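# Coordinate analysis (summary)
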Amino acid sequence: GNIVGASGAILTGGPGAIFWMWVIAFFGMATIYAEATLAQKTRIVGPDGNIKGGPVYYITTAFKGGFGKFLAGFFAVSIILALGFMGCMVQSNSIGSTMETAFGVPSWIMGIVLVVICAVIFLGGVQRLAAVTEKIVPIMAGIFLLGGLAILICRIQYVPATFAMIFKYAFQPQAIIGGGFGYAIKTAISQGAKRGLFSNEAGMGSTPHAHALANVKCPHEQGTVAMIGVFIDTFVVLTMTALVVICTLYAGNGPLAHGAVDGISKTNMAQLAFSSVFGETLGNAFVAICLLFFAFSTIVGWNLFGRINVNYLFGKKANLAYSIVAIIFIFLGSCLSNDLVWELTDMFNQLMVLPNMIALAALSGIVAVAARKHNDEHELRK
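Throughout what follows, the structure given in this document is the object of discussion.

## Some remarks on the environment of Ala260
Mapped onto the elements, Ala260 comes out in the loop between helix H11 (219–249) and helix H12 (269–278). The class for Ala260 is exposed, based on a relative accessible area of 64%. Along the primary structure Ala260 and Gly178 are separated by 82 residues, whereas in three dimensions their C-alpha atoms are 9.8 Å apart.

This is the structure:
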């Protein structure tokens, strides 16, 4: 989402799509605050200390009876398909494509490698899932940001023009992606919304599964952590990708300055951007390795989110079957076309957003009370 997704949004919707990503993320910070707060308030802590939480629990809190069970079931099925299966196809596809460009390793071979590693992790239980993910995330983010910063320093003269293009083409996208104004602005906004959602997941209903597991003094604290997560994800990491791509491929009469060019796709845009400064070998390898960390940790996390909902629907007896099917989809993702896997994940993402947002709207009063309560307590302490 932060590398291939951002690049795809720029290629299809123009540099202005990044502006709309920022807008979506700004409002998404409020949405994810609600998700995390409700995940904390509706979670169930068992006698053995195990915690159950996520949208299915606040959906059934918002709507009692048959409708609530239907909506929760619809969400659970949607997230299993969207993230457990389709979303992981996008990640393995991106890993395979960038590794093939960087090292000449066929994408399907990377698929087999991923299958073996994921099989070990998925069958190792929740604790191993958490342990692997928490070690990878800080490393991947730090390395990528340092590399991006190095590119921006080398291309510092084009950074002002890069920001100017983001704002200009947010409202005049037809000037770079062609077509009429109505079509172009629709494309820019929709690309910003879809790719921004895929990156920070605000409103999708995926991250509440993780926020429910956190140990905090009050729900407001976890809501704040969630907001910071969206800020870092979109306004820092994704924006770094966007700035690097635009300042190397668009600004200064770059190869995409006048629109899309044959041979440049969303899967190799970031590699081309980094290669323009680091050189082809190092640039391709840097992006491929960083993307491997990003995408692999996402596969691990999303598998856990899907597993939680499989347990909600069918119990733990279904975990083995779920893991096997998930592994098959990971391999398929490395073999299928890039456009197909992205279109599939967009479609299923929309299905899981709908029941989640309906519940957030219904429970907005509880979220507002939690925020006001914290503010009142803060004022009393002062």
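## Digging into helix H2 (residues 17–42)
Taking 1.5 Å as the rise per residue, H2 with 26 residues should run 38 Å; its terminal C-alpha atoms sit 36 Å apart, in good agreement. Within H2, 20 of the 26 residues are buried, which leaves the element mostly enclosed by the surrounding structure.

## Regarding the nonpolar core
Ranked by size, the top nonpolar core spans 102 residues in total, and within it Ile10, Ile18, Phe122, Phe144, Tyr250 and Met269 carry the most contacts. Residue contacts for Tyr250: discarding those within four places in its chain leaves Ile10, Leu11, Pro15, Met165, Ile176, Val245, Leu256, Ala257 and Met269. Grouped together as the second largest cluster of nonpolar side chains are seven residues, Met29, Ile32, Ala226 and Val230 included.

## What about the pattern of salt bridges?
This model, assessed by the stated rule, comprises three salt bridges. A salt bridge links Asp346 to Lys194, with the shortest nitrogen-to-oxygen separation between them at 3.9 Å. Remark: Lys194 occurs in helix H9 (residues 181–200) and Asp346 occurs in helix H15 (residues 338–362); sequence separation between them is 152 residues.

## Side note on the environment of Ala141
Within the secondary structure, Ala141 is located in helix H6 (residues 126–154). In the structure, Ala141 is positioned 185 residues away from Ala326 in sequence and 26 Å away in space, judged by C-alpha atoms.

## Here's the deal with the packing of aromatic side chains
The geometry of an aromatic ring pair is captured by the separation of the ring centres together with the interplanar angle, meaning the angle of the planes. With the rule as written, the count across this model stands at 19 aromatic pairs. Considering the side-chain rings of Trp22 and Phe167, the 6.0 Å spacing of their centres and the 55 degrees angle between planes classify their relative orientation as tilted. With Trp22 in helix H2 and Phe167 in helix H7 (residues 159–171), the pair connects residues that are 145 residues apart, well separated along the chain. On the basis of relative accessibility, which here comes to 13%, the residue Trp22 falls in the buried class. Aromatic side chains Phe198 and Trp302 sit 5.4 Å apart centroid to centroid with 85 degrees between the ring planes, which places their arrangement in the edge-to-face category. Of this pair, Phe198 sits in helix H9 while Trp302 sits in helix H13 (residues 280–314), and the two are 104 residues apart along the sequence. An aromatic cluster of at least three residues, connected via ring pairs, comprises Phe19, Trp20, Trp22, Phe167 and Phe171.

## A short note on the packing of H9 against H15
Two numbers describe how H9 lies on H15: the axes approach to 11 Å, and their chain directions differ by 75 degrees. One finds that H9 runs roughly perpendicular with respect to H15. Of the residues in H15, those in contact with Lys194, Arg195, Leu197 and Phe198 of H9 are Trp342, Thr345, Asp346, Asn349 and Val353.

Cut-offs applied
All residue numbers refer to positions counted from 1 along the written sequence of the respective chain. Totals for whole chains, interfaces and linings use every residue, but because this is a predicted model, local features are given only for residues with pLDDT of at least 70 and side-chain atom pairs only at 80 or more, for both listing and counting. Neither water nor hydrogens contribute to the side-chain values; these are computed over all heavy atoms in the structure. Where helices and strands are cited, they refer to DSSP runs of H or I of at least four residues and of E of at least two residues respectively, numbered from the N terminus. The classification of residues rests on relative accessible area computed with a 1.4 Å probe and restricted to protein chains. Under 20% of the type maximum is buried, over 50% is exposed, and intermediate values are partly exposed. A helix is expected to reach a length of 1.5 Å times the quantity of its residues less one. What is meant by a nonpolar core is a set of buried Ala, Val, Leu, Ile, Met, Phe, Trp, Tyr and Cys residues, joined one to another through side-chain atoms within 4.5 Å. Any two residues whose heavy atoms approach within 4.5 Å are treated as being in contact. Between Lys or Arg on one side and Asp or Glu on the other, a salt bridge is scored when a side-chain nitrogen of the former is within 4 Å of a carboxyl oxygen of the latter. The aromatic pairing rule takes the rings of Phe, Tyr and Trp, using the six-membered ring of Trp, and pairs them if the centres are within 6.5 Å, calling planes under 30 degrees apart stacked, those over 60 edge-to-face and the rest tilted. Geometry is summarised by axes, namely lines fitted to C-alpha atoms with helices restricted to the contacting stretch, and by angles between N-to-C directions that run from 0 to 180 degrees. Oblique is the label for any angle not covered by the other classes, which are roughly parallel (under 35 degrees), roughly antiparallel (over 145) and roughly perpendicular (65 to 115).

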